[in-house]
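# Commentary on secondary and tertiary structure
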Amino acid sequence: MPEEIIQDGFSSEDNEIVRQRKDKLLRLRSEEGYDPYVNETWDRQDTLASVRERFEHLQPEEEDTNAVIKTAGRVMTVRRQGKATFADLADETSRMQLYFQLNSVGEKAYDFLKKWVDSGDWIGIIGHPCRTRRGELTIMVTEYRLLSKAIRPLPEKWHGLTDTEIRYRRRYMDLIANPEVREVFRKRSRIISSFRETLESHGTLEVETPILSVLAGGANARPFKTFHNALGVDMYMRIAVELYLKRLVVGMMGRVYEIGRNFRNEGIDTMHNPEFTMMEVYWPYCNYVDMMNLAEELIRNAAKAIGTLEIEWNGTKLDLSKPFHRITMREAVKKYAGVDFDTIKTDEEARAVAREKGLEITGHESRFAVLNMLFEEFGEENLIEPTFLLGHPTEISPLSKRDPEDTDYTHRFELFMYGKEVANAFSELNDPLDQRERFEDQARKKAEGDDEAHVFDEDFINAIEAGLPPTGGMGIGMDRVVMFLTGAKSIRDVILFPAMKPKA
RNA sequence: GAAUCGCUAGCUCAGUCGGUAGAGCACCGGACUUUUAAUCCGGGUGUCGCGGGUUCAAGUCCCGCGCGAUUCACCA
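Notes on the structure follow.

About the cut-offs
- Residues numbered from 1 in each chain as written.
- Chains lettered and ligands numbered in written order.
- Predicted model: local features only at pLDDT ≥ 70, side-chain atom pairs only at ≥ 80, totals over all residues.
- Heavy atoms only, no water.
- Buried < 20%, exposed > 50% of the residue type's maximum accessible area, 1.4 Å probe, protein only.
- Helix = DSSP H or I, 4+ residues; strand = E, 2+ residues; numbered from the N terminus.
- Arc of directions from axis to C-beta.
- Contact = heavy atoms within 4.5 Å.
- Core = buried A, V, L, I, M, F, W, Y, C linked by side-chain atoms within 4.5 Å.
- Salt bridge = Lys/Arg side-chain N within 4 Å of Asp/Glu carboxyl O.
- Pairing = 2+ DSSP bridges.
- Axes fitted to C-alpha atoms, helices over the stretch in contact; angles between N-to-C directions.
- Expected span 1.5 Å × (residues − 1).
- Polar contact = N/O pair within 3.5 Å; in protein donor to acceptor, adjacent residues only side chain to side chain.
- 1 Å grid on protein atoms, 1.4 Å probe; cavity = no way out; pocket = protein on both sides within 12 Å on 5 of 7 lines; lining within 4 Å.
- Points joined across faces, edges and corners; volume = space filled by probe spheres on them.
- Nonpolar A, V, L, I, M, F, W, Y, C, P; charged D, E, K, R; others polar.

## Looking at helix α4 (residues 107–116)
Along α4, the residues that are buried comprise Y110, F112, L113 and W116. What you see down the axis of α4 is that its buried residues fit within an arc of 160°, all on one side. In α4, the exposed positions angled more than 90 degrees off the buried face are occupied by E107 and K108. Here the buried face of α4 lies against α1 (16–32), β1 (69–81), β2 (84–90), β3 (95–101), α3 (102–105) and β5 (137–148).

Next up, the structure:
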């Protein structure tokens, strides 16, 4: 078949159905003088859900000719039957049967329907409700208007669209074919709204900080790099908003939060997307304990907002009304790896234990790094019920305040659910001298080849030097919260347009 | 990065031992004024993911590549 682009909007890529529909569209314009893409408004007065609610009381074969319904939606299926036609109309709220009779709409409109309206098209309709003999609430159409024409066929009406690749790449087709997918994203929206409501009920101000900047700090992660032409400088996409929000607390903005996209140039799997949504919150005069309470409240309220405190993910049910568990990293390692770190006093001892446990050891690890490795290897996956992990070593917590009782450890927690990290929080380090040392330590790690070590942010130190009040801060991975509350097994199922490799 | 599985019509899928590409839905034409996976009659619309190879003959066998899914590794 020769490569050619056919004129008038036709393409050699078109399949048979698309060619027929394009041809139909041209004929609709030339034969009827009707342009289905002209600027049109339609005064929709009812959604299908509201129609369903208003006329639920109708009995089979009952018809309410006095009521007027004015609605609109996408034609999903058409059942033509000579001088009568049934169709299913869907909108964002529901789906309802339409009944067009030759007598009810008139001959001219009925012929137009037969000739020009297809499944996939958007139509506005005026009619009244009735219930069929078989009990189906139906709109008896008296007038309708073709609002927009679809020239590409809908996915199959019975099996729908299941091909994951098409579902993610062409999410619009997924959303058309699978109403339950629309419901997941409505829940996502409600969860995020609930977070905002909870935060604002505590007097927290929503702020926006740079996505693009010269330094990407606040987390251990590889950033995306880009270039600003006019400034002539390399820039990075943010990996966290932490350092900016703490500057705002220094700047006397009080309680602040941001819900926004972070970007990390790392692998993609069922728990990670290169861009993901993070909520970060900072409260002056508070500490990590306040953040624990806030974390529980945020998650519980979000669950309530979508209807239930009983959640199920990956076959495991959880009751979010119960208080969340607490365990220290050392306790978790003792329990799940069988290693008692209280008896380990040197890095050498720790490395020996780690080798025994089968961990890959280079010989430079401190006992604190080993503790963390043992937790990640043996502990993490066991924290199924919501659990605050406490007592992180200072070495792996460069922005976290030390525990005054044991300065090798910090006042920090991570919240785990289903064995996955959902939140990370701490009493924010506000000692500028200590913060400088921590950054210096990170800089050493970076120089040793750790490309995920924190960058040294001199201006952030400057901010801390200006005085950060005692502050509790927390970050929550919103995508994971949505996954656990909706039962989605992949992060791609809670992100409308997940990252995909280009096909060709 | 590795392994496994998948990629065939718009969608969901079948395709035997290597022997002329199939079904349902959708779509096109016709009948039908209460159907609802409507029904009935007629019609197959295709770069079998891409590129090589073996063979008289490849959707099928072999090699390479691409994309996706899952698991593992990596990664907050």
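## Things to note about the nonpolar core
Taken as a class, soluble globular proteins show a tendency for nonpolar side chains to be buried jointly. With 48 residues, the main nonpolar core has F195, M279, F413, M474 and I476 as its most contacted residues. Dropping the residues within four chain positions of it, I476 is found in contact with F195, T277, M278, M279, L298, V422, A423 and V481.

## A few points about the pattern of salt bridges
Side chains that differ in sign of charge can pair as their charged atoms come close. Enumeration over the complete set of coordinates arrives at 47 salt bridges. A salt bridge links D35 to R29, with the nearest nitrogen and oxygen atoms 3.1 Å apart. Residue D35 is classed as partly exposed on the basis of its relative accessible area, which comes to 31%. R29 gets classed as partly exposed once you look at its relative accessible area, which sits at 34%. With its nearest N and O atoms 2.8 Å apart, the salt bridge here joins D174 to R171. Remark: R171 and D174 occur in helix α6 (residues 171–177); sequence separation between them is 3 residues, near one turn of the helix. Both residues of the pair, D174 and R171, belong to the buried class. Among the ionic contacts, a cluster of salt bridges with common partners joins R21, K24, D118, D121 and K149.

## A closer look at the sheet that holds strand β4 (residues 122–131)
The 5 strands are arranged β1-β2-β3-β5-β4 in a closed barrel whose pairing can be described as mixed. Taken over all neighbouring pairs, the strand axes of this sheet differ in orientation by 50° on average, direction set aside. Relative to β5, β3 is paired through 3 bridges, and the arrangement is parallel. What sits directly across from Q97, in β5, is T138. Contacts from α4 reach β1, β2, β3 and β5, with the element oriented near 70° to β5.

## Some details on helix α9 (residues 288–305)
Given a rise of 1.5 Å per residue, 18 residues ought to cover 26 Å, and the 25 Å separating the end C-alpha atoms of α9 matches this to within 8%. Along α9, the positions that sit buried rather than exposed are Y288, M291, M292, L294, A295, E296, L298, I299, R300, A302 and A303. At the N-terminal end of α9, a side-chain oxygen is found 2.9 Å from the backbone nitrogen of V289, two or three residues along, and the residue is N287. After α9 finishes, the residue G307 shows a positive phi value of roughly 115°.

## Things to note about empty space enclosed by the protein
For the coordinates displayed, the defined rule picks out 1 cavity of 30 Å³ or more. Along its surface, the largest cavity is lined by V75, V78, R80, T85, A87, F100, L113, V117 and I123. Taken together, the elements giving at least two residues each to the lining of the largest cavity come down to β1 and β2. Counting residues per element, the lining of the largest cavity draws most heavily on β1, at 3 residues. Across the lining of the largest cavity, the residue classes break down as 7 nonpolar, 1 polar and 1 charged.

## Things to note about the pairing of strand β15 (residues 387–390)
Residues T387 and L389 line one face of β15 and the alternating positions F388 and L390 line the opposite face, and both faces are buried. Of the strand pairs in this sheet, strand β14 (residues 325–328) and β15 are connected by 4 bridges, and their pairing is parallel. Its bridge partner lying in β15, I327 is registered against L389. For β15 and strand β18 (residues 412–417), the ladder comprises 4 bridges, and the chain directions are antiparallel. Its bridge partner lying in β18, L390 is registered against F413.

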